[in-house]
Structures are given as C-alpha cells and as structure tokens.
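# Notes for the structure review
If you want the building blocks of each chain, they are given just below.
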Amino acid sequence: MSSSITVSLLFFLLSLTSTSSLQSKRNSYVQNACSVTRYQDLCVQSLSPFSSVAKNSPSKWARAGVSVAISDNKDVLRSLLKMRRSAFGKRDRVALSDCRELLQDSLDNLHKSLAVLRTLRASEFQEQMSDLATWLSTSLTDKDTCLDGFEKTSMKSARVRMIRRRVTTSMYLSSISLALLNKLAADGL
C-alpha cells in the first residue's frame, strides 16, 4: 500500500515539475521577445498568451504585437465613439473629434501591417519591412498627436484623464509592435 502511495506521489511531483518547467520556458520566450521593447512589463503582460505559439519566432512575435495593438486600438476607439460630444467643452470636443479620426487612421495602419506580416516573403522582405516600419511609426505618431490635442484641455475632467490614460497605453502597445518589428527586420526571416 505504501509503495503505491509513493509511486503516486512521485508521479504527482513529476507532473508539477514538468508543468513548472513548461511555464518557465513560456515565460522565457516572452521575456526574450520583450527584451527589445521600451515597455517590457506591459509587453510581457499583454503578449504572454502568445508564448506557446510564438516561441522564438520574431515574425510571430511581431504579428502578436500588432494583433494586441489592434485589439486595444479598437477598444479605445469604441469607447471614444460612445462618448457624447455634448459632455465636453468646446476645446475638448475638438480634441475628441481629432482623436477619433487619428485612432481610426492608426487602426487602418495596424490592419495593413498585420496583413503584410501574415504574407512575408524573402524576395520582398526589405520592402515589406520598410512599409511596415512606416505604418507602425504612423500609428504611433497618430496616438501621440491625439494626446497633444488634449494637452491644453481641462485636465480636471475625469473623461479627459481617462482618454489620456487609455490612448497612452495604446501608444505604448504600438511602440512595442514597432520594437518587435525592428527585431524581425534585424534577424530576418
């Protein structure tokens, strides 16, 4: 009886070790991928679900980064579109309108980027990297410009503070995407 308990305990401990080892390996993948980014904690937090698929593939990490940036950009844009313009002062209304337009442009550039990342070809790699760098940089600039629009508005408004916080995080995610793209460009296919 005691030997069967010992064997069961041994199998249980081995399963914990292998699960722990697998989790550690996944963490090392995302940590390695995010090491090239400026916002490493946010990168690890947002991209860790992709570890088991992306592993050590710079192209898969770049796709994951853009996918996360798209999802966040959509959420921020959706929340801005739900806001009633009448709830804002004149200057804030102008900034809100401009920000909506800029976030839509950012989203368009992120979608173009993801489409190209899904169809990378060695024969067109340099041209594709150039296009991607332009689109991802533009996405980042769009968000920065959106924030600039709220710079001279009422910071007392909880809505404006929330917009600034959400757009800043979205901008960080675009920055992460660009850093992951730069790693892909340096490493090649």
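Scroll up to find the structure.
Let me begin by describing the structure that accompanies this report. Values in this document were obtained by computation on a predicted structure and should not be read as measured data.

When you go through the chain residue by residue, the secondary structure sums to 7 helices and 0 strands. Secondary structure elements of the chain, listed N to C terminal, follow the sequence α-α-α-α-α-α-α. Considering the chain as a whole, with its 189 residues, one finds that 42% of them fall into the buried category. Relative to all contacts within the chain whose residues are 6 or more apart in sequence, the contacts with residues 24 or more apart total 70%. Carbon and sulfur atoms provide 53% of the accessible area of the chain, an area that totals close to 10700 Å².

The next thing to look at is the packing of helix 5 (residues 90-117) against helix 6 (residues 125-149). Packing of helix 5 against helix 6 brings their axes to within 8 Å, and their N-to-C directions diverge by 165°. As summarised for this structure, helix 5 and helix 6 are arranged roughly antiparallel, according to the angle between their axes. Considering how the two elements wind past one another, helix 5 and helix 6 form a crossing that is left-handed. Contacts from Ala-95, Cys-99, Leu-102, Leu-103, Asp-105, Ser-106, Asn-109, Leu-110, Lys-112, Ser-113, Val-116 and Leu-117 in helix 5 reach Gln-128, Leu-132, Trp-135, Leu-136, Thr-138, Ser-139, Asp-142, Lys-143, Thr-145, Cys-146 and Gly-149 in helix 6.

On to unusual backbone geometry. At Lys-55, a residue that is not glycine, the phi angle is positive and equals roughly 45°. Counting through the fold element by element, Lys-55 comes out in the loop between helix 3 (51-54) and helix 4 (58-82).

Looking now at the environment of Asp-105. Summarising the element assignment, Asp-105 is placed in helix 5. Classification of Asp-105 as partly exposed rests on a relative accessible area of 32%. On a C-alpha basis, the gap between Asp-105 and Lys-143 in space is 9.5 Å, while along the polypeptide they are 38 residues apart. If sequence neighbours within four positions are ignored, Asp-105 has contacts with Thr-138 and Asp-142.

Attention shifts here to the pattern of salt bridges. By the definition in use, this model includes 3 salt bridges. We note a salt bridge from Arg-121 to Glu-124, for which the minimum N-O separation is 3.2 Å. Residue classification places Arg-121 among the partly exposed residues on the basis of a relative accessible area of 40%. When its relative accessible area of 33% is taken as the criterion, Glu-124 is described as partly exposed. Asp-187 is the partner of Lys-183 in a salt bridge, and the nearest nitrogen-oxygen pair spans 2.9 Å. You can see Lys-183 and its partner Asp-187 sitting in helix 7 (residues 158-187), 4 residues apart, about one turn around the helix.

Considering all chains together, one arrives at 2 disulfides under this definition. Paired through a disulfide, Cys-99 and Cys-146 show a sulfur-sulfur distance of 1.7 Å. Disulfide Cys-99-Cys-146: torsion about the S-S bond near -70°, hence left-handed. With Cys-99 in helix 5 and Cys-146 in helix 6, this residue pair connects regions lying 47 residues apart in the sequence.

The rules we used
- Residues numbered from 1 in each chain as written.
- Predicted model: local features only at pLDDT ≥ 70, side-chain atom pairs only at ≥ 80, totals over all residues.
- Heavy atoms only, no water.
- Helix = DSSP H or I, 4+ residues; strand = E, 2+ residues; numbered from the N terminus.
- Buried < 20%, exposed > 50% of the residue type's maximum accessible area, 1.4 Å probe, protein only.
- Contact = heavy atoms within 4.5 Å.
- Areas by Shrake-Rupley, 256 points an atom, 1.4 Å probe, with all protein chains shown as cover.
- Axes fitted to C-alpha atoms, helices over the stretch in contact; angles between N-to-C directions.
- Parallel < 35°, antiparallel > 145°, perpendicular 65-115°, else oblique.
- Left-handed = near helix turned anticlockwise from the far one by under 90°.
- Salt bridge = Lys/Arg side-chain N within 4 Å of Asp/Glu carboxyl O.
- Disulfide = S-S within 2.5 Å.

Distances and angles like these do not, on their own, reveal function.
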